[in-house]
Amino acid sequence: QLDIFESLSIERACEFGDSYLLVWPDETVPCGVRVYLNGPRVMRLLYDDENEIEKRFAIKKWSEGNRHRATLYYADRVEKYITKAGLSGDDRSDWVRYEDDGDGGWPVPNEYGEVPVYHLRTAFQYGVPVHKAAYGAQNLIHKLAMGHAGGIDYHTLPQRYAILKEGVSANDFSVGDEDETSFAIDSTGATASADDGKAQLRSEAGSIWMLDGVQALGEFMASDPQVFLAPMTFYVHAMAQITTTPAHYFDAIGQVPSGESLKVQEA
């Protein structure tokens, strides 16, 4: 299945900056060896301080129930550890040997003379995500999209207000539902419940504000969608420039270059 792992391991390396392929014998598969794909959140390959391309060992750490497991891969052995029950693993004393009946002892011998982990990376010595430069623009796009989604509610259910005539209290209006609240004006001019005195000027879509001196009804205008969409387009184009990605990859509606222009952009 290396044809699957090849593209997936490269994609994972581009996403996180690093990915690791662990190769180890496995008698349960026809070829007698299995390749395991690991991300940098669970595996790390450490190099020699003097020779930065020489592998010292690899470590894989993961959680198993309320305990943590760790396996260290050296050129001549494999050491397995597990934390004592309920301990975090932050201290060396939290860890004890983990012995598996199928391993034939501890540590497990490595007969191949090298660390069986291969490092795919986007930079030396450890990689960075290829889209890291896009994080800032992407965060702003998310914020604009959420604001736009919120504005849609106000287009569907506009927020309304009612201005009462002088001398008329909101308590004079009949209440048709026990869940509805009657309103009065407090000394500061804010609308308040006649029952609990708390301000009732709510900002959710479809709400209505009862204000002193009813003589008119109206509704607040919802935000213009272009307030969100125009800067969103700007940040999409900024993302293309920051990451040196052809803009037509992001903007499928715009003019797509053709011929030699397309070749130059995609180079």
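Residues numbered from 1 in each chain as written. Predicted model: local features only at pLDDT ≥ 70, side-chain atom pairs only at ≥ 80, totals over all residues. Heavy atoms only, no water.

### A few points about the overall build of the protein chain
So, step 1. Looking only at helices and strands, the protein chain features four helices and 14 strands.
So, step 2. Going through the 267 residues of the protein chain one by one, you find that 27% of them count as buried.
So, step 3. In the protein chain, 52% of the contacts between residues at least 6 apart in sequence involve partners at least 24 apart.
So, step 4. When the accessible area of the protein chain is evaluated, it comes to approximately 17,800 Å², of which 52% is carbon and sulfur surface. (Helix = DSSP H or I, 4+ residues; strand = E, 2+ residues; numbered from the N terminus. Buried < 20%, exposed > 50% of the residue type's maximum accessible area, 1.4 Å probe, protein only. Contact = heavy atoms within 4.5 Å. Areas by Shrake-Rupley, 256 points an atom, 1.4 Å probe, with all protein chains shown as cover.)

### Section: the pattern of salt bridges
So, step 1. The final tally for this structure, using the stated rule, is six salt bridges.
So, step 2. In this structure, the salt-bridge partner of K55 is E114, at a minimum N-O distance of 3.8 Å. A residue pair is termed long-range when its members are at least 10 positions apart, and K55 in strand β4 (residues 55–64) and E114 in the loop between β8 (108–109) and β9 (117–121) qualify at 59 residues.
So, step 3. Accessibility expressed as a relative area gives 23% for K55, which makes it partly exposed.
So, step 4. Across the pair E64 and R69 runs a salt bridge, and its minimum N-O distance is 3.1 Å.
So, step 5. Overall, the relative accessible area of 40% leaves E64 in the partly exposed class.
So, step 6. Connected through shared salt-bridge partners, D76, R77 and E79 make up one network. (Salt bridge = Lys/Arg side-chain N within 4 Å of Asp/Glu carboxyl O.)

### Some details on unusual backbone geometry
So, step 1. With an omega of -5 degrees, the peptide bond between W106 and P107 qualifies as cis.
So, step 2. In this structure, P107 sits in the loop between β7 (95–97) and β8.
So, step 3. In this structure, the amide linkage connecting F124 to the following residue, Q125, adopts the cis form with an omega of 10 degrees.
So, step 4. Examined against the element boundaries, Q125 turns out to sit in the loop between β9 and α2 (135–156).

### What about the confidence of the model for the protein chain?
Detail in the predicted coordinates should be disregarded across regions flagged by low pLDDT.
So, step 1. Considering every residue of the protein chain, the mean pLDDT works out to 83; 83% of them sit at 70 or more.
So, step 2. Across the protein chain, the secondary-structure element scoring lowest on mean pLDDT is strand β11 (residues 183–185), at 46, and the one scoring highest is strand β3 (residues 43–47), at 97.
So, step 3. Contacts for the low-pLDDT stretch residues 174–192, under 50 throughout, to residues beyond four places or in other chains number 38 contacts. (pLDDT = per-residue confidence, 0-100.)

### Examining the packing of α2 against helix α3 (residues 226–242)
So, step 1. Their axes nearest at 9 Å, the elements α2 and α3 cross at an angle of 160 degrees. It follows from the interaxial angle that α2 and α3 lie roughly antiparallel. Our pair here, α2 against α3, has a crossing hand that is left-handed. For the pair α2 and α3, contact is made by A137, Q138, L140, I141, L144, A145, G147 and H148 and by F228, L229, P231, M232, Y235, V236 and M239, respectively.
So, step 2. For the contact of α2 with α3, a count of residues per class yields twelve nonpolar, three polar and no charged. (Axes fitted to C-alpha atoms, helices over the stretch in contact; angles between N-to-C directions. Parallel < 35°, antiparallel > 145°, perpendicular 65-115°, else oblique. Left-handed = near helix turned anticlockwise from the far one by under 90°. Nonpolar A, V, L, I, M, F, W, Y, C, P; charged D, E, K, R; others polar.)

### Describing the sheet that holds β9
So, step 1. With antiparallel pairing, the three strands of this open sheet are ordered in space as β2-β1-β9. Taken across any chain shown, the strands that pair with only one partner, and hence form the sheet edges, are β2 (33–38) and β9. Strand-to-strand twist of the sheet, defined as the mean angle between neighbouring strand axes without regard to direction, takes the value 20 degrees.
So, step 2. With five bridges joining them, strand β1 (residues 18–25) and β9 adopt antiparallel strand pairing. Among the inter-strand pairings, S19 is bridged to a residue of β9, identified as L120. (Pairing = 2+ DSSP bridges.)

### Notes on the pairing of β4
So, step 1. Summarising the sheet, β3 and β4 pair through five bridges and their orientation is antiparallel. Along β4, the bridge assignment pairs M43 with K60.
So, step 2. Two strands pair when backbone bridges link them, and β4 and strand β5 (residues 67–73) are joined in this way by seven bridges, in the antiparallel orientation. What sits directly across from K60, in β5, is T71.

### Concerning the packing of aromatic side chains
So, step 1. Enumeration over the complete set of coordinates arrives at five aromatic pairs.
So, step 2. Look at Y81 and W106: their rings are 5.5 Å apart centre to centre, the planes differ by 80 degrees, and that puts the pair in the edge-to-face class. Within this pair, whereas Y81 is found in strand β6 (residues 77–83), its partner W106 is found in the loop between β7 and β8, the two being separated by 25 residues in sequence.
So, step 3. Between the aromatic rings of F234 and Y235, the centroid separation amounts to 5.2 Å while the plane-to-plane angle is 70 degrees, which identifies the pairing as edge-to-face.
So, step 4. Using a relative accessible area of 55% as the deciding quantity, one classes F234 as exposed.
So, step 5. With a relative accessible area of 25%, Y235 lands in the partly exposed category.
So, step 6. The cationic tip of K60 hangs over the ring face of W62; the distance from NZ or CZ to the ring centre is 5.5 Å.
So, step 7. Of note, R69 hangs over the ring of Y98, and the distance from its end group to the ring centre comes to 3.8 Å. (Phe/Tyr/Trp six-rings, centres within 6.5 Å; stacked < 30°, edge-to-face > 60°. Lys NZ or Arg CZ within 6 Å of the ring centre and 35° of its normal.)

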